[in-house]
Structures are given as C-alpha cells and as structure tokens.
Amino acid sequence: MNMKNYVRFEFPSTPENVSFARSCVAAFATQIDCNLEELEEIKLVVSEAVTNCIIHGYENKPHGKIIVLATILDNHSMEIMIEDYGKGITDIKQAMEANFSTDPARTGLGFTFMKSFMDDLDVQSQPGIGTSVKLTRCFLTKDKEALA
Amino acid sequence: MEMELRQIRNTLLVRIKGEMDMVIADRLRKEIDRKLDGKKVINLVINMEKVTFIDSSGLGVILGRYKKISGLNGKMYIVGASPSVSKILMFSGINKLISMYNSEQDIVNI
C-alpha cells in the first residue's frame, strides 16, 4: 500500500517552537511502521535541525521563518525537510564535521546526530539566502522484514 | 522544565525534570554556574531520572559544566538517566568523561 501523506507547517524562530516542531513530526510519524525508539530518534534530529535554524540561521533572533515539511513516502519511510531563510552556511563540509561549531559554547553534534540517526542527510545552503536540510529514513529493518 | 538545586557541603545536586533542549539550556547553565562561581562547590551531581529528552543543547550544558568542574579538580556524576537519554549520552561520549550511576544513593555508597 502506498500511503503517501504529508504535513507542512511554519513558525517563527523562537526556542519554544523547537519542542513543538519535534513533537509534531513525531506525532505524524506514528502513521508509519516505526517503534518508540525510532520516534525518539526522529524527535532528536528535528530538534537539532530546528535548533540550527534558530541559533545559526537566525542568530537567536525570534522573527525568522522556519518551515517543516514531513512526508511519508511509504509504510516504512519518511522524509523531513527543514528550511530557514537565515544567514546560510559558508562551508557546508566544515559545518558537518563532528564537534565543529562556529559557537565555542556548543557541542557541534547537531549534524552528527542527523547523519547517524537518518539514512540520508542533504544540506543545501546559500549565504544570505538560507538553508534547507533534507532528512530521509527508512524504518524497514531486517527483523521487521522477517516478521512481515 | 523544572530544576531543583541543593548544595550539600561542597557538592551541588541538580535534579532536572522535563526536556533538556535549547529552551532550558541557558537557564540551567546560568543557575549551575552561579553556584559554581560561588567557589564553595567543587562536585556536581546531575539527577536525570525525570529527564524525558535531551539534544545537543542539553549535552552542551553538561559538557560545559564538566570542563568547569574538572578545572576545580572536582568530580561530576550523572544519575538515573533513562535508556533513551543514556543512549544519547553514550553516543556523545559523555559517559567516558562522567561517571553514570542508577541513583543518588549509589554515589553516597561510593
């Protein structure tokens, strides 16, 4: 069965919305065949991507626009796009290195979590225009395949 | 998110409840640092029994406090992290720097 479905929402770049965004995407993800641990991983990667938009994209200014588009591709896969119209990333390769952060008070683990917990991570960015992060994950494991 | 800070001799016990993300990171950092900068605290116990979520913003607060405590030659402990929170702590490597225990009582018994 192909049950393609999507949810799209936008919100201003305030810290309170990080929790809203991750809970919203996780609630939507319950429509696909994934377990609680996998839902936690979805919450984490959405939290990281939205936090990046606020802290780096909009440099903690609260009036930036963030768009989240979550798409269920089939029973087991999901794609999440998170976009901002902020500062953009000058060096994407460097930004994605583990422990790298332009802010010394931060861990630099955001992209590492996104890469580790998702199957695919695609980052498009232009300085002064904004950043778009596309996260894709298939939840069909060998165990589930055997049970199916 | 709620937090409770208690000083017992030279040890600060911080009990956190809720989600450790960027909303609470700043507040948590300021509250703990105010106590640490008072020079009377050298050890830090973070009780995470009631923490339901942590991301890199929350990890940043823990790692930053670890650096401070190390600079004071003190010890830092994490207690009661749930399996999902422990997974993130371990993924970040924090468990290699900071001892993790099941309960506050386990630290008293060391």
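The structure reproduced in this document is the subject of the present report. (Residues numbered from 1 in each chain as written. Chains lettered and ligands numbered in written order. Predicted model: local features only at pLDDT ≥ 70, side-chain atom pairs only at ≥ 80, totals over all residues.)

### Focus on the overall build of chain A
Going by this rule: The secondary structure listing takes helices from DSSP runs of H or I that are at least 4 residues long and strands from runs of E that are at least 2 residues long, numbered from the N terminus. It is over C-alpha atoms that the radius of gyration is taken, and the globule rule equals 2.2 Å times the number of residues to the power 0.38. Around each residue's C-beta, the other C-beta atoms within 10 Å are counted; 20 or more make the residue buried, 12 or fewer make it exposed, and counts in between make it partly exposed. All C-beta atoms are placed from the backbone. Placing a C-beta atom from the backbone of each residue, one calls two residues in contact when those atoms lie within 7 Å.
A count of helices and strands for chain A gives five helices and five strands. Taking 148 residues into account, the globule formula puts the C-alpha radius of gyration at 15 Å, and chain A, at 15 Å, falls close to it. C-alpha extents for chain A along the principal axes are approximately 45 × 30 × 25 Å. Counting the 148 residues in chain A, one finds 36% classified as buried. The contacts in chain A between residues at least 6 apart in sequence include a share of 67% that link residues at least 24 apart.

### A word on helix α1 (residues 16–29) of chain A
Using the following cut-off: A helix's residues, less one, multiplied by 1.5 Å, set its expected span.
Taking 1.5 Å as the rise per residue, α1(A) with 14 residues should run 20 Å; its terminal C-alpha atoms sit 21 Å apart, in good agreement. Of the residues making up α1(A), those classed as buried are A:N17, A:V18, A:S19, A:A21, A:R22, A:V25, A:A26, A:F28 and A:A29. Buried residues along α1(A) sit against β1 (5–12), α2 (36–57), β2 (65–74) and β3 (77–84) of chain A together with β2 (11–20) and α1 (22–36) of chain B.

### Regarding α1(B)
Helical geometry note: an α-helix holds 3.6 residues per turn, so side chains three or four residues apart project in the same direction. Helix length check: α1(B), at 15 residues, gives a terminal C-alpha distance of 21 Å against a target of 21 Å (1.5 Å per residue), a fit within 8%. By the burial criterion, the buried members of α1(B) are B:M22, B:V23, B:I24, B:A25, B:L28 and B:I32. Summarising the contacts, the buried residues of α1(B) are in contact with α1 and α2 of chain A together with β1 (2–8), β2 and α2 (56–71) of chain B.

### Describing the interface of chain B and chain A
As a reminder of what qualifies: Charged residues are taken to be Asp, Glu, Lys and Arg, nonpolar residues to be Ala, Val, Leu, Ile, Met, Phe, Trp, Tyr, Cys and Pro, and polar residues to be all remaining types, Gly included.
At the junction of the two partners, chain B supplies 15 residues and chain A supplies 17 residues. Of all elements in the fold, only α1, α2 and α3 (83–92) of chain B reach the threshold of two or more residues within the side of chain B that touches chain A. The element that contributes the greatest number of residues to the side of chain B that touches chain A is α2(B), accounting for six residues. Here the side of chain B that touches chain A is built from residues that sort into six nonpolar, six polar and three charged.

### Here we look at the sheet that holds strand β5 (residues 130–138) of chain A
Residue and element names in this part refer to chain A. Here is the rule we go by: Any two strands with at least two DSSP bridges between them are considered paired. Axis definition: a line fitted to C-alpha atoms, over the contacting stretch in the case of helices. Angles run 0 to 180 degrees between N-to-C directions.
If you walk across this open sheet you meet the five strands as β1-β2-β3-β5-β4, and the pairing is antiparallel. Lying at the two open borders of the sheet, with one neighbouring strand each, are β1 and β4 (120–126). Within the sheet, the average angular offset between the axes of one strand and its neighbour, ignoring direction, is 10 degrees. Note: β4 against β5, seven bridges, orientation antiparallel. Pairing of D120 across the sheet is with T136, part of β5. Contacting β1, β2 and β3, α1 crosses the sheet at an angle of about 175 degrees to β1.

### Quick word on the sheet that holds β2(B)
Residue and element names in this part refer to chain B. What the five strands build is an open sheet, ordered β1-β2-β3-β4-β5; its pairing is mixed. In this open sheet, the two strands that pair with only one neighbour each are β1 and β5 (99–101). When the angles between neighbouring strand axes are averaged without regard to direction, this sheet yields 20 degrees. As defined by bridge partners, β2 adjoins strand β3 (residues 43–54) across nine bridges and the pair is classed as parallel. Looking at β3, one finds that M20 is bridged to I54.

### Considerations on the pairing of β3(B)
All names here are of chain B. Condition: For the handedness criterion, the strands are oriented away from the viewer, and a crossover whose path from the first strand over the helix to the second runs clockwise is classed as right-handed.
Tracing the backbone out of β2, into α1 and back to the parallel element β3 gives a crossover that is right-handed. With four bridges joining them, β3 and strand β4 (residues 76–79) adopt parallel strand pairing. Residue pairing across strands places N47 opposite V79, the latter belonging to β4. Handedness of the crossover joining β3 and β4 through α2: right-handed.

### Re the environment of A:I80
All names here are of chain A. Looking at the element boundaries, I80 is found in strand β3. Separated by 54 residues in the primary sequence, I80 and K134 have C-alpha atoms spaced 5.7 Å apart. Setting aside anything within four residues of it in sequence, one finds I80 in contact with V25, V46, A70 and L135.

Treat this as a map of the structure, not an account of what it does.
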